[in-house]
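Residue-level structure breakdown
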Amino acid sequence: MYLAISVSQLPSEHNLTYLTIRYELVNLQSVVFMASISVVGLLVCLVAVLASGLVQAEPTRYDNYRVYKLSIERVEQLELLQLIEQYPDGYAFLSDPVHLNTTVKLVVPPHKLAEFEELNSKYSLKGELAFANLQAVIDGQLRGRRETFGWTAYHPLEDIYAWLDTLIEQYPDVVSPIVAGETYEGRQIRGVKVSYKQGNPAVFTEGTIHAREWISAATVTWVLNELLTSQDAAVRNIAENYDWYVVPVANPDGYVYTHTTTRLWRKTRSPQNVLCYGVDPNRNWDYMFNQGGTSTIPCSDTFSGPSAFSEIETRTLSEYIRTIPNLSTYLDFHSSGQLLMIPYGHTREPLDNYYELMEIGTKAIIKLQERHGSLYQVGNIAEIIYVASGSSLDWVKGTLQTPLTFAYELRDTGEYGFLLPPEQIIATAEETLDSIIVILEEGKAMVLSVRWTASFIAMKFLLVCVAFALFGASMAEKARYDNYRVYRVRIQTERQLELLQAIEQYPDGYRFWSDPVKIGTEVLLVVPPHQRGHFSDLRAKFALRAKLQIANLQNQIDLESRPSLRKETFGWTAYYRTDAIYAWLDSLAASYPGVVTPLNIGNSFEGRPIKGVKVSYKAGNKAVFMEGLIHAREWVSGATVTWVLNELLTSSDPQVRNIAENYDWYFFPVTNPDGYEYTHTTDRQWRKTRSEASALCRGADPNRNWGYNFMQGGASSVPCSDTFAGAVAFSEVETRQLSDFISSLDNLSTYLAFHSYSQLLLVPYGHTTARLDNYDETIAIGTKAINKLRERYGTTYNIGNIAEAIYVASGGSIDWVKGVHQTPLVYAYELRDLGRYGFVLPPDQIIPTAEETLDSIIVILEEGANYGYH
């Protein structure tokens with residue numbers, strides 16, 4: 001083996017480039033010709049030294065490279081894509097193939113198109129073309145004005161550093177330069193400190209640790225500019241009451257390489273072997289290093305390095321962060337995915353102050369959504385995206401115990417991914433700053449709240465002991481769910497379905513939040529601590545795909561029912577018990593005489609009244625019936641019914657006034673009062689009534705107990721089951737009295753039942769998927785309704801009849817109303833959310849849920865009138 005050209009023959013950059021490329025080709029043959037490798041290696045080292053100062057690599061281009069969006073539905077598909085990722089041969093991933101039932105974007109080079117078509121056909125990848133020409137997308141991202149520094153374009157590193165210098169000159173008393181580290185190629189990791197006064201807590205913001213994620217650096221610089229120039233009071237507050245350490249580009253070598261050579265480069269630029277360069281700098285930190293979600297293959301995009309802190313960038317940056325006094329907040333910016341992530345990446349367990357960070361993060365993403373409607377999700381790294389150990393966020397949290405630690409995955413959710421167009425920079429940065437303000441404000445409040453709570457508990461301890469001594473004999477001990485886990489389980493085989501149905505029938509502590517009824521669906525399963533080993537065995541034996549949804553159910557319940565959220569007057573910032581709801585209904589009758597009429601249709605099994613009100617502004621109206629809390633644990637349903645009632649009486653909106661005054665309204669917020677009270681006093685997860693079903697078991701499912709196609713599927717004859725239908729139809733006094741009252745209404749045109757969760761609008765029937773009665777018209781109206789519902793907050797609903805949209809479930813109230821009384825418009829809402837909180841929806845989502853629901857109700861009535869139903 002020999003080199004085709006000698007070192008003395010290097011007169012031009014062109015020839016040197018050729019020689020370097022030629023060497024790499026020849027060196028691949030060194031596997032065969034081992035005898036001469038040392039000579040070649042010596043010559044190449046000399047060439048590399050000479051070349052480093054003379055040659056500018058030709059930029060990579062992606063002309064006619066296609067990008068496909070692929071759905072991973074089966075294990076063999078996932079294994080194929082992971083094999084491609086390990087041995088790419090020209091392919092490249094824009095998102096990692098790590099889970100079933102996710103999507104990835106795969107870059108397919110022109111020479112692989114035929115092969116990809118064969119793979120697509122063989123493995124049924126269902127590839128959807130995202131970009132026909134990747135280079136055109138890259139070119140589009142590079143457009144924008146760059147005469148002066150701004151945020152209508154993306155800027156190279158030298159422009160960012162020059163702008164930082166101008167800030168230091170313009171604000172000498174506020175802005176000071178910092179050097180937060182060094183790079184392999186000799187660059188500085190530069191930033192600035194912004195400080196208006198001494199003694200402030202510190203915030204560290206880091207961008208572009210992954211080189212190709214340009215929007216992160218642009219967002220960091222825009223936020224920095226706002227801290228110095230904005231006159232907004234909230235911005236001035238955080239600017240002047242925190243010390244800001246701002247590092248826009250934490251991976252300068254890689255970032256430069258994305259501008260000069262390969263736009264999709266992610267890593268550092270240190271040489272790892274003759275073929276591969278760089279380490280993923282967000283897998284290289286020395287906290288839980290290589291504990292999952294990393295690669296040991298040097299060419300991989302997620303190569304974690306030969307050891308923790310092998311990279312000078314991560315090593316020196318971590319050393320600098322250690323020196324920051326009073327560090328309270330760490331904000332790390334990535335793209336894409338629209339996620340707000342908290343530690344940790346190596347485990348789904350909720351470590352440290354997980355629940356406080358989740359609460360703060362939830363409020364932050366709600367605020368972020370307000371400006372431009374961008375929907376984010378919040379969760380720890382491992383649960384919301386994938387296992388990824390060795391990150392900067394985890395190191396700052398795990399090593400330094402910094403209280404507030406968040407990583408943003410900025411826009412978008414996949415349309416452009418890393419190649420976000422420059423016209424989205426400012427909008428992205430604006431909404432991000434909105435959320436940062438909330439993080440800092442809520443974080444400060446949380447610290448105070450924790451201190452107050454500690455002293456409050458100490459003061460009340462004696463009183464609590466006395467209270468238990470006095471009332472312990474008459475008050476049942478409240479069920480708790482400490483360390484009960486909630487898993488999202490995908491049903492993929494008949495064997496798995498049979499297993500889950502057996503657990504449902506003989507639960508032994510397990511509890512389902514959604515019923516296991518068919519293959520291809522997901523269920524949420526509550527696993528008690530004593531069944532963890534059992535559940536692990538089942539997962540292995542039956543190959544169950546189970547994703548941890550909630551690690552400690554009791555913590556979520558405690559957040560939902562905090563007394564501090566309740567105000568002295570009835571409202572919708574908290575969930576209220578039956579007596580409070582009934583007292584409020586009584587007050588309406590007193591406040592609106594002639595419009596609001598109190599109703600009491602009978603008593604429950606335990607003797608509680610089933611109360612409601614009628615709202616009528618004039619005679620002759622068609623009637624609308626609204627039913628809530630037939631399932632006791634679905635608290636948001638009752639809250640939504642009361643909020644809509646309040647709007648009909650108080651809103652001045654013309655559309656609301658139209659439906660308020662041109663229909664008679666019957667509101668029953670709590671149709672299962674015994675069960676609802678039991679969720680407050682004893683067991684938050686109770687669903688049924690409280691009648692005595694057997695010596696051991698209480699209650700029947702009141703939404704399986706109605707006398708229309710009773711026990712025709714989706715109901716249980718086992719008394720302890722959550723879906724026990726009762727001994728006979730209308731065995732429950734609650735359903736019997738409610739049905740009697742409904743039968744007395746002679747002008748009923750619309751019946752609306754409210755449940756949670758799943759974000760569905762359901763129409764009859766539950767016993768069959770056959771399209772009975774006015775199915776097509778009901779679906780058409782409902783489709784317009786859910787489209788309207790989505791406009792306010794972006795909440796997406798699906799529509800269908802019960803049996804096809806969710807599962808077979810016979811004996812429900814809406815089936816009886818439709819089947820027995822032929823009421824024209826009958827719908828059941830499954831309100832927020834999609835399972836993140838399930839039945840334990842935080843109270844700060846009550847009003848948004850109710851607002852969007854009323855939007856849809858208006859459409860149902862307006863469109864129903866167009867069909868002649870009213």
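Per an unreviewed UniProt entry, the chain goes by Zinc carboxypeptidase A 1 and derives from Anopheles minimus.

Quick notes on the sheet that holds strand β16 (residues 545-550)
Two pairing modes exist for strands in a sheet, parallel and antiparallel, and in both the strands are linked by backbone hydrogen bonds. Strand order in the open sheet formed by four strands is β14-β15-β13-β16, with antiparallel pairing between adjacent strands. The two strands at the open ends of the sheet, each matched to only one other strand, are β14 (511-512) and β16. Two elements, β14 and strand β15 (residues 522-527), share two bridges in a ladder whose sense is antiparallel. Pairing of F512 across the sheet is with L525, part of β15.

A closer look at the pattern of salt bridges
A complete count under the given rule lists 33 salt bridges for this structure. Among the salt bridges present, the one from R187 reaches D253, with a minimum N-O distance of 2.7 Å. In this pair, R187 sits in the loop between β5 (175-182) and β6 (188-194) while D253 sits in helix α9 (residues 252-260), placing the two residues 66 residues apart along the sequence. A relative accessible area of 26% places R187 in the partly exposed class. In this structure, the salt-bridge partner of E852 is R832, at a minimum N-O distance of 2.8 Å. Here E852 is found in helix α26 (residues 846-866), whereas its partner R832 is found in the loop between β24 (825-831) and α26, with 20 residues between them in sequence. Note on accessibility: E852 and R832 belong to one class, buried.

Here's the deal with the packing of aromatic side chains
On inspection of all chains with the given rule, the structure shows 43 aromatic pairs. The interplanar angle of 70 degrees and the centroid separation of 6.5 Å between the aromatic rings of W513 and Y757 together place this pair among those described as edge-to-face. Remark: Y757 occurs in the loop between β21 (748-756) and β22 (760-763) and W513 occurs in the loop between β14 and β15; sequence separation between them is 244 residues. Assigned by exposure class, W513 and Y757 land together as buried. Summarising the aromatic geometry, the rings of Y757 and F839 are spaced 5.1 Å apart at their centres and angled 70 degrees between planes, so their arrangement reads as edge-to-face. Here the residue Y757 occupies a position in the loop between β21 and β22, and F839 occupies one in the loop between β24 and α26, the gap between them amounting to 82 residues. As far as the burial class goes, Y757 and F839 line up, both buried. Grouped by ring-pair contacts, the aromatic residues F625, Y666, F668, F741 and Y751 constitute a single cluster. We note R263 situated over the ring of W214; from NZ or CZ to the ring centre the distance is 3.6 Å. Here the basic side chain of R269 rests over the ring of Y257, its NZ or CZ set 3.7 Å away from the ring centre.

Looking at helix α7 (residues 214-229)
Relative to the 22 Å expected for 16 residues at 1.5 Å per residue, α7 spans 23 Å between its end C-alpha atoms, a close match to the ideal helical length. Most of α7 sits out of view: 15 of its 16 residues are buried.

Looking at the sheet that holds strand β10 (residues 339-342)
Ordered by their spatial adjacency, eight strands build an open sheet running β5-β6-β8-β7-β9-β12-β10-β11, and the pairing between neighbours is mixed. Strands with a single pairing partner mark the edges of an open sheet, and in this sheet they are β5 and β11 (377-380). Neighbouring strand axes in the sheet, compared pairwise and without regard to direction, differ in orientation by 20 degrees on average. The pairing of strand β7 (residues 202-207) with strand β8 (residues 243-247) spans five bridges and is classified as parallel. The residue bridging E206 from the neighbouring strand is V247, located in β8. Sheet contacts for helix α13 (residues 392-400): β7, β9 (327-335), β10 and β12 (404-410); angle to β9, the most-contacted strand, approximately 165 degrees.

Remarks on the pairing of β5
Taken together, the seven bridges between β5 and β6 define a ladder with antiparallel strand orientation. Residue pairing in the sheet places I178 in a bridge with G191 of β6. Counted along the chain from β5 to the antiparallel partner β6, the turn is five residues long, and its residue G186 has a positive phi close to 90 degrees.

What to know about the nonpolar core
In this structure, W244, Y408, M626, W665, F667, Y829 and I857 are the most contacted members of the largest nonpolar core, which totals 140 residues. The element contributing the most residues to this core is α7, with 10 residues. Those residues in contact with Y408, other than ones at most four positions away along the chain, are L331, D332, F333, H334, L339, L340, L368, Y376, T432, S435, I436 and I439.

So, helix α5 (residues 134-141)
Most of α5 is tucked away: six of the eight residues are buried. Regarding α5, the residues found buried are L134, Q135, V137, I138, G140 and Q141. Looking at the packing, one finds that the buried side of α5 touches β1 (66-72), β3 (102-108), β4 (128-131) and α7. Where α5 begins, the capping side chain belongs to N133, and its oxygen is found 3.1 Å from the backbone nitrogen of Q135.

Description of the confidence of the model for the chain
Of the residues in the chain, 87% reach a pLDDT of 70 or more, and the chain-wide mean stands at 86. Counted against residues more than four places away or in other chains, residues 1-57, with its pLDDT under 50, gives 34 contacts. Overall, residues 447-476 carries pLDDT values under 50, and its contacts beyond four positions in sequence, including any with other chains, amount to three contacts.

Some remarks on the packing of helix α23 (residues 775-793) against α26
Contact geometry for α23 and α26: axes closest at 8 Å, N-to-C directions at 150 degrees. With respect to the hand of their crossing, α23 and α26 are arranged in right-handed fashion. Residues I781, K784, A785, K788, L789, R792 and Y793 of α23 lie in contact with α26, whose contacting residues are P848, E851, E852, T853, D855, S856, V859, I860, E863 and G864. Of the residues in the contact of α23 with α26, the class split is seven nonpolar, three polar and seven charged.

Rules and cut-offs
- Residues numbered from 1 in each chain as written.
- Predicted model: local features only at pLDDT ≥ 70, side-chain atom pairs only at ≥ 80, totals over all residues.
- Heavy atoms only, no water.
- Pairing = 2+ DSSP bridges.
- Helix = DSSP H or I, 4+ residues; strand = E, 2+ residues; numbered from the N terminus.
- Salt bridge = Lys/Arg side-chain N within 4 Å of Asp/Glu carboxyl O.
- Buried < 20%, exposed > 50% of the residue type's maximum accessible area, 1.4 Å probe, protein only.
- Phe/Tyr/Trp six-rings, centres within 6.5 Å; stacked < 30°, edge-to-face > 60°.
- Lys NZ or Arg CZ within 6 Å of the ring centre and 35° of its normal.
- Expected span 1.5 Å × (residues − 1).
- Axes fitted to C-alpha atoms, helices over the stretch in contact; angles between N-to-C directions.
- Contact = heavy atoms within 4.5 Å.
- Core = buried A, V, L, I, M, F, W, Y, C linked by side-chain atoms within 4.5 Å.
- Polar contact = N/O pair within 3.5 Å; in protein donor to acceptor, adjacent residues only side chain to side chain.
- pLDDT = per-residue confidence, 0-100.
- Left-handed = near helix turned anticlockwise from the far one by under 90°.
- Nonpolar A, V, L, I, M, F, W, Y, C, P; charged D, E, K, R; others polar.

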